[in-house]
Amino acid sequence: QVQLVESGGGLVQAGGSLRLTCTTSGLTFSTYAMAWFRQAPGKAREVVAGITSDGYSTYYADSVKGRFTISRDNAKKTVYLQMNNLKFEDTAVYYCASRDFVFYTDPRKYDFWGQGTQVTVSS
């Protein structure tokens, strides 16, 4: 049974930092691309960042470039999202997702999802 569990969300002031963690089980983790998506109320789910199965390539949405960093530890079967200089508009539920090998920005391409963690940035 595949499980993805996010943690690390919370309430932070604008300009602050949070580190999200997604711990997985039931996956051959090293063969899966991983991504972070977010969904704000009334908005579509959007990709934030992604990382290939080997960790050598990453992707960032323009809105988070230079502020967020995605990384993974294949030995721990875990992916991280370091979020710095948070802005009010980063407020959303953040989800991690996984799919075989190749990274896509389209959430419909992903096989497995976590339950989400709330990030709230106060202005």
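Here the structure is shown first, and the text comes after it.
Residues numbered from 1 in each chain as written. Predicted model: local features only at pLDDT ≥ 70, side-chain atom pairs only at ≥ 80, totals over all residues. Heavy atoms only, no water.

**Considering the side chain of E6**
Tracing the sequence through the fold places E6 in strand β1 (residues 3-7). Here the side chain of E6 touches C96 through a polar contact of 2.9 Å, landing on its backbone nitrogen. A distance of 2.9 Å separates the side chain of E6 from the backbone nitrogen of G116, its partner in a polar contact. Residues within four places of E6 in sequence aside, it is in contact with T21, C22, W36, Y94, Y95, C96, G114, Q115, G116 and T117. (Helix = DSSP H or I, 4+ residues; strand = E, 2+ residues; numbered from the N terminus. Polar contact = N/O pair within 3.5 Å; in protein donor to acceptor, adjacent residues only side chain to side chain. Contact = heavy atoms within 4.5 Å.)

**Points about the pattern of salt bridges**
Enumeration according to the criterion identifies five salt bridges in this entry. Of the charged contacts in the structure, one is a salt bridge between R38 and E46, with a shortest N-O distance of 2.7 Å. Classification of R38 as buried rests on a relative accessible area of 6%. On the basis of relative accessible area, E46 is assigned to the partly exposed category, the value being 36%. Between R38 and D90 there is a salt bridge, with the nearest N and O atoms lying 2.9 Å from each other. Residue R38 is found in strand β4 (residues 32-39), and its partner D90 is found in the loop between β8 (78-83) and β9 (92-100); the two are separated by 52 residues along the sequence. Note on D90: relative accessible area 0%, which makes it buried. Residues joined by salt bridges that share partners form a network here, namely R38, E46, R67 and D90. (Salt bridge = Lys/Arg side-chain N within 4 Å of Asp/Glu carboxyl O. Buried < 20%, exposed > 50% of the residue type's maximum accessible area, 1.4 Å probe, protein only.)

**What about the state of the cysteines?**
Summed over all chains, the structure comprises one disulfide. Across a sulfur-sulfur distance of 2.0 Å, C22 and C96 are joined as a disulfide pair. Negative torsions about the S-S bond denote left-handed disulfides, and the value of about 45° found for C22 with C96 makes this one right-handed. Residue C22 is found in strand β3 (residues 18-25), and its partner C96 is found in strand β9; the two are separated by 74 residues along the sequence. (Disulfide = S-S within 2.5 Å.)

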